[in-house]
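Okay, here's what each chain looks like letter by letter:
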Amino acid sequence: MAHTPGPWVVGPIDDTVVTHLGKDGIRYEVAAVDGDYNDPDEWPIMEANARLIAAAPDLLAALKEVLFNSRHGNGLEALYSAHDRADAAIAKAEGAQE
């Protein structure tokens, strides 16, 4: 599977645009959330969608780590570490961590 590598972030200029830092030091757009910019009630939804998209690489990595450690019996310490990464990815998706 090939996708733009993480980490992805919301912004830095627009809270509905997801970017990643390229190897050349330039921020590139990964996704832009569209919506009715004239309706202020839609802004929080659009921004929440952008946060969820930005967290996608972190969520994928955390889920893979949890499954790997669970399947291979790597012990509680490894599983707790994976859970911590999952918690951090969920917090990023929900806007609790920027």
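One can find the structure itself at the top, above this paragraph.
The text that follows walks through the structure, step by step, so that each part is easy to find.

Cut-offs applied
Residues numbered from 1 in each chain as written. Predicted model: local features only at pLDDT ≥ 70, side-chain atom pairs only at ≥ 80, totals over all residues. Heavy atoms only, no water. Axes fitted to C-alpha atoms, helices over the stretch in contact; angles between N-to-C directions. Helix = DSSP H or I, 4+ residues; strand = E, 2+ residues; numbered from the N terminus. Parallel < 35°, antiparallel > 145°, perpendicular 65-115°, else oblique. Contact = heavy atoms within 4.5 Å. Nonpolar A, V, L, I, M, F, W, Y, C, P; charged D, E, K, R; others polar. Core = buried A, V, L, I, M, F, W, Y, C linked by side-chain atoms within 4.5 Å. Buried < 20%, exposed > 50% of the residue type's maximum accessible area, 1.4 Å probe, protein only. Pairing = 2+ DSSP bridges. Expected span 1.5 Å × (residues − 1). Arc of directions from axis to C-beta.

Bringing the packing of helix H1 (residues 43–54) against helix H2 (residues 56–71) into the picture now. Packing of H1 against H2 leaves a shortest axis separation of 4 Å and a crossing angle of 45°. Overall, the two elements H1 and H2 adopt an arrangement that is oblique. Contacts from Leu 52, Ile 53 and Ala 54 of H1 reach H2 at Ala 56, Pro 57, Asp 58 and Leu 59.

What follows covers the side chain of His 20. As for its position among the elements, His 20 is in strand E2 (residues 17–21). In this view, His 20 contacts Thr 4, Pro 5, Pro 7, Trp 8, Ile 26, Arg 27, Tyr 28 and Val 30; residues no more than four positions away in its chain are not counted.

It is worth spelling out the packing of H1 against helix H3 (residues 75–94) at this point. The interhelical angle for the contact between H1 and H3, taken along N-to-C directions, is 155°, at an axis separation of 7 Å. The orientation of H1 relative to H3 falls into the category roughly antiparallel. Contact residues: H1 offers Ala 48, Arg 51, Leu 52 and Ala 54, while H3 offers Lys 92, Ala 93 and Glu 94. Class assignment for the residues of the contact of H1 with H3 results in 4 nonpolar, no polar and 3 charged.

Let us now look at the nonpolar core. Formed by Trp 8, Val 18, Ala 31, Val 33, Met 46, Ala 50 and Ala 54, the largest nonpolar core amounts to 7 residues. Among the elements that take part in this core, H1 stands out by supplying 3 residues, more than any other.

A sheet is described by the order of its strands in space; here 3 strands give the open sequence E1-E2-E3, paired in antiparallel fashion. Because the sheet does not close on itself, it has two edges, and the strands there are strand E1 (8–10) and strand E3 (27–32). Pairwise comparison of adjacent strand axes, ignoring direction, gives a mean angle of 35° for this sheet. In this sheet, E3 lies alongside E2 in antiparallel orientation, the contact comprising 5 bridges. Note on E3: the bridge partner recorded for His 20 is Tyr 28.

When the terminal C-alpha atoms of H2 are compared, their 22 Å separation across 16 residues agrees well with the 22 Å that a helix rising 1.5 Å per residue should span. When we look at burial in H2, the residues that qualify are Pro 57, Ala 62, Glu 65, Val 66 and Asn 69. Each buried residue of H2 lies within a common arc of 165° when the element is viewed along its axis, so the set occupies one face. Facing away from the buried side of H2 by over 90 degrees, the exposed positions are Leu 63 and Arg 71. Along its buried surface, H2 packs onto E1, H1 and H3. Just downstream of H2 lies Gly 73, where phi reads positive at about 55°.

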